[in-house]
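Survey of secondary and tertiary structure
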Amino acid sequence: MLHALFGVVLPAVTLGVELVTGMCADTFFDPLPTPLHILLVAAVPAANALALVVIHRRASHLLRAQLLLNGAALGVGLLYTLLFLPLLPLALIGIFFGIGVLPLAPLSSLLSGVLLRRRLLRSGWPLPATRWWPGALVAVLLIIAGELPGAVTRVGLHVAATGSPSAQAQALRVLRVLGSEEALREACYEGSRRYSLLGFLLAQDEPVLPDDARRVFYRVTGRPFNAESRPEGRRGHLVRGWDSWDRDTASEQVGGRVPGLSLSASTMEGSVDADAALGYLEWTMEFATTEPGQHEARMLVQLPPGGVVSRVTLYIDGEPREAAFAGTGKVRAAYTQVVQRRMDPLLVTARPGDRVQVQAFPILKGKPMRVKLGISAPLVLEDAGRAGALPLPTIQERNFDLAETFRHAARIESRQPMTGLAAAPALARGDGVHEWLGALSDAQVRAHEATLRVKRTGAPVMVWSPDLPQPDAFTIRQRVEEVLSPKPAKLLIVVDGSEGMEPALEALADALATVPDGVELAVFAARDGVEELVSLRRAEAGGRGIAAERLRELSATGGQDTAPALARAWPLLATDASSIVLWVHGAQPLPPDQDVAELRLSGPRAVEVVDVQTASGPNAAAEALPAHVPLRPLPRTATLRQDLERLFSAWGTPRPTFVRERVAASASASAGQRTSAHLARLWARDEVARMLASGREDTRDEAQTLAVAHQLVTGVTGAVVLERKEQYDAAGLTPVDPGTVPTVPEPETWLLLAMACVLLGVVALRRRRMA
């Protein structure tokens, strides 16, 4: 009876409880990390049950098989007893509370197996030459084989996170070859405590925290940890899965994926004014969740080059609520306070490189949250200004999932012919408007396959629009001028040697052929340190060829921090500000060391850094650059090679450039053509960027005032939508007048359409009367 209770029932019940609840995995370590472990642990109560059957029924023909199975069960029981030995004192104490009996299951099943084997050996039957240790050895070896990747991962992760620099480098090399990517990704959410049995024995010190695990994951794989869906747990539906608690709620980080949270709908509507070379897009999104509770959707959005968010709307009970624009700290504080009260806020803040972060809370099961972003953007001028391109905004980082069948719906209008995805032409409507319709996968949008192109042949030299806050006092004018693009004295190329960068390095190597002669060229690579691929030399045919060859030969591996390579290149820059740093990299989720970002990149040089990010993801290194370093994202409208060739070929030649200025309203504007108020928004966006680039503190307040007056999300301002007026009052904020926000089409266009309808009605009425 005792053998049945402690050798069969208790271990079987313990196995079932752990499978259903994951109690030990959540608290200490995962005792059942693979199906093989489950099978071997289940063999222990099965072997004891079979021994009882053999003894009570005198089934001597099963004796050999029973002794072999018993040996394997003894090996499993002994190993798990050693694993749970540190927990036995807690288990004995817990007996008094009714929960301590489960950790005793390995020990009780081991003792039961030993006693049952003794009874079998003393049964008086002819005994086969079967010892206990071969079966035990095989079982232990099977467990070790299944545990090896997890154990290597746990120990390697701990060393890579906490060891000396040399030990960290060695641990990263081992993890790249032998580590378990799945285990590393799990640690990015739960820390290292859930890994493995052997790892639990080999590394008894403090577990690695999720933030450290995320850093190691990138250094091993070359991808941000949240680039893929969150792990569901090692035993699927049999366990609770990962805790759905979101540790990054209301933070400035996008953070990990939230189970059940997804983008359920996405629609981009907009209009393009080819004459003014600008466009306006309204991106409406709906977030949904299949899990109970309240969840926050967070994402990092790449805007079109030179674009700015000019409208932020949250739909509450189906009604659109417009945002309040204010200083970044003020709107974030208001958002955080409302999130803590579990109410409806929406926050949009700016990040370097024409990016914004969007945060929406709360997403509830069965009740999608609908938000809208309005984006004003200039066209990227092509073909000497005779054409313009408008890349659609893209999601660079997110904490929600997208279904494989998910598509972004798009509808863009223009008075001029357009082409879009796969060079498909827009349809011409009867009213003379061209309309482009599409349903695009997220991969297509991120690959710039959805870039819209519009003809500008015959566009006016100058366009104008009244200033938004002071239309009677000021006018914003824009003209396109041919401006000589200076040829840099030095081109310092810093490349990312992370895994997956090979196609980008090949494209860069091909594009180097278009670098003009006379430019001094150097190439640095971030690859577990800094490698100087090409020392500073003239970019003649030979120099370009050597650089291209070294780029093609670079072996990309792991995930690299490019900040040290940027710092290494910095002393070579020319003091006359005629140098360019071309920074080609993938995702950069790791913030660089502060001494690298602040000390070695500080100085009086106003050098332009052309940022070329080749893969979706965050760019923490860009956010750490000093404010005086101009960061210009490379406009991405085609393949990487084509975009780079366009950049290099423009040096030393005239190129069409926007010149925007604010003049007194009394100045004559009749020389140009009137356009929409987005021109004023783009001028204000550029003015704010210019003020912030000066690095002067006295201009920050002026820049903030200008951005708020034009209702823009910039480096010093954000936008927040709150649920109630009392919340706005408590935060000292005022939402904008709904009549002042841009729409698709612009309000003035609706007025023209309405007037046209009235005139048509009057004409029709007169004709009827005359008839």
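For the structure, check the block above.
Not measured: the values here are computed from a predicted model.

Cut-off values and rules
Residues numbered from 1 in each chain as written. Predicted model: local features only at pLDDT ≥ 70, side-chain atom pairs only at ≥ 80, totals over all residues. Heavy atoms only, no water. Helix = DSSP H or I, 4+ residues; strand = E, 2+ residues; numbered from the N terminus. Buried < 20%, exposed > 50% of the residue type's maximum accessible area, 1.4 Å probe, protein only. Areas by Shrake-Rupley, 256 points an atom, 1.4 Å probe, with all protein chains shown as cover. Salt bridge = Lys/Arg side-chain N within 4 Å of Asp/Glu carboxyl O. Axes fitted to C-alpha atoms, helices over the stretch in contact; angles between N-to-C directions. Parallel < 35°, antiparallel > 145°, perpendicular 65-115°, else oblique. Left-handed = near helix turned anticlockwise from the far one by under 90°. Contact = heavy atoms within 4.5 Å. Pairing = 2+ DSSP bridges. Core = buried A, V, L, I, M, F, W, Y, C linked by side-chain atoms within 4.5 Å.

1. Focus: the overall build of the protein chain
A tally of regular secondary structure across the protein chain gives 23 helices and 28 strands. Within the protein chain, the proportion of its 771 residues that are buried is 52%. For the protein chain, the computed accessible surface area is about 33800 Å², with 58% contributed by carbon and sulfur atoms.

2. A word on unusual backbone geometry
That bond from Phe 361 to Pro 362 is cis: its omega, -10°, falls within 30 degrees of zero. By secondary structure assignment, the location of Pro 362 is in strand β8 (residues 355-363). Located in the positive-phi region is Ala 384, a residue other than glycine, with phi close to 55°. Assignment of secondary structure puts Ala 384 in the loop between β10 (380-382) and β11 (387-390). Residue Ala 384 is classed as partly exposed on the basis of its relative accessible area, which comes to 46%. Positive phi, close to 50°, is recorded for Asp 528, a residue that is not glycine. The topology assignment puts Asp 528 in the loop between β21 (520-526) and β22 (530-538). Classification of Asp 528 by relative accessible area gives partly exposed; the value is 39%.

3. Let's talk about the pattern of salt bridges
Close approach of charged atoms allows side chains with opposite charge to pair. Tallied over the entire structure, the rule returns 42 salt bridges. Between Glu 228 and Arg 223 there is a salt bridge, with its nearest N and O atoms 3.6 Å apart. Assessed through its relative accessible area of 35%, Glu 228 is described here as partly exposed. Judged by relative accessible area, which is 26%, Arg 223 ranks as partly exposed. Residues Glu 282 and Arg 311 are paired through a salt bridge, measuring 2.9 Å at the closest nitrogen-oxygen approach. Of this pair, Glu 282 sits in strand β2 (residues 278-289) while Arg 311 sits in strand β4 (residues 308-316); the two residues are 29 residues apart in sequence, bridging distant segments of the chain. As far as burial versus exposure is concerned, Glu 282 and Arg 311 are alike and both buried. A single network of salt bridges, built from pairs that share partners, joins Glu 382, Arg 453, Arg 636, Asp 643 and Arg 646.

4. Some remarks on the packing of helix α1 (residues 2-21) against helix α3 (residues 35-57)
For the pair α1 and α3, interaxial distance at closest approach is 9 Å and the crossing angle is 160°. For the element pair α1 / α3, the angle class is roughly antiparallel. Crossing of α1 against α3: the hand is left-handed. Judged by residue contacts, His 3, Ala 4, Gly 7, Val 8, Pro 11, Ala 12, Leu 15 and Leu 19 of α1 engage Ile 38, Val 41, Ala 42, Val 44, Pro 45, Asn 48, Ala 49 and Leu 52 from α3.

5. So, the pairing of strand β16 (residues 434-440)
With respect to burial, β16 is a largely interior element, five of its seven residues being buried. Note: strand β13 (residues 408-414) against β16, seven bridges, orientation antiparallel. In the strand pairing of β16, Ala 410 is matched with Gly 438.

6. Topic: the nonpolar core
Membership of the largest hydrophobic core comes to 69 residues, with the highest contact counts inside it found for Phe 287, Val 312 and Phe 400. Not counting residues within four places of it along the chain, the set of residues in contact with Val 312 comprises Arg 321, Glu 322, Ala 323, Leu 346, Val 348, Lys 372, Leu 373, Ala 719 and Val 721.

7. Some words on helix α19 (residues 640-650)
Here α19 has its buried residues at Leu 640, Asp 643, Leu 644, Leu 647, Phe 648 and Ala 650. Of the surrounding elements, those touching the buried residues of α19 are β20 (490-496), α14 (502-511), β23 (579-585), β24 (608-613) and β25 (631-633). Just past α19, the residue Gly 652 takes up positive phi, approximately 85°.

8. Concerning the packing of α1 against helix α6 (residues 105-121)
At their nearest, the axes of α1 and α6 sit 8 Å apart, and the two run at 140° to each other. Relative to α6, α1 is oriented oblique. The interaxial crossing formed by α1 with α6 has left-handed handedness. Residue-level contacts link His 3, Phe 6, Gly 7, Leu 10, Pro 11 and Thr 14 of α1 to Ala 105, Ser 108, Ser 109, Ser 112, Leu 115, Leu 116 and Arg 119 of α6.

9. A word on the sheet that holds β21
Within the open sheet, the six strands sit side by side as β22-β21-β20-β23-β24-β25. Their pairing is mixed. One side of each edge strand has no neighbouring strand; the edge strands of this open sheet are β22 and β25. Across the sheet, the mean angle from the axis of one strand to that of its neighbour is 20°, orientation sign disregarded. Examined bridge by bridge, β24 and β25 share three bridges and lie parallel to one another.

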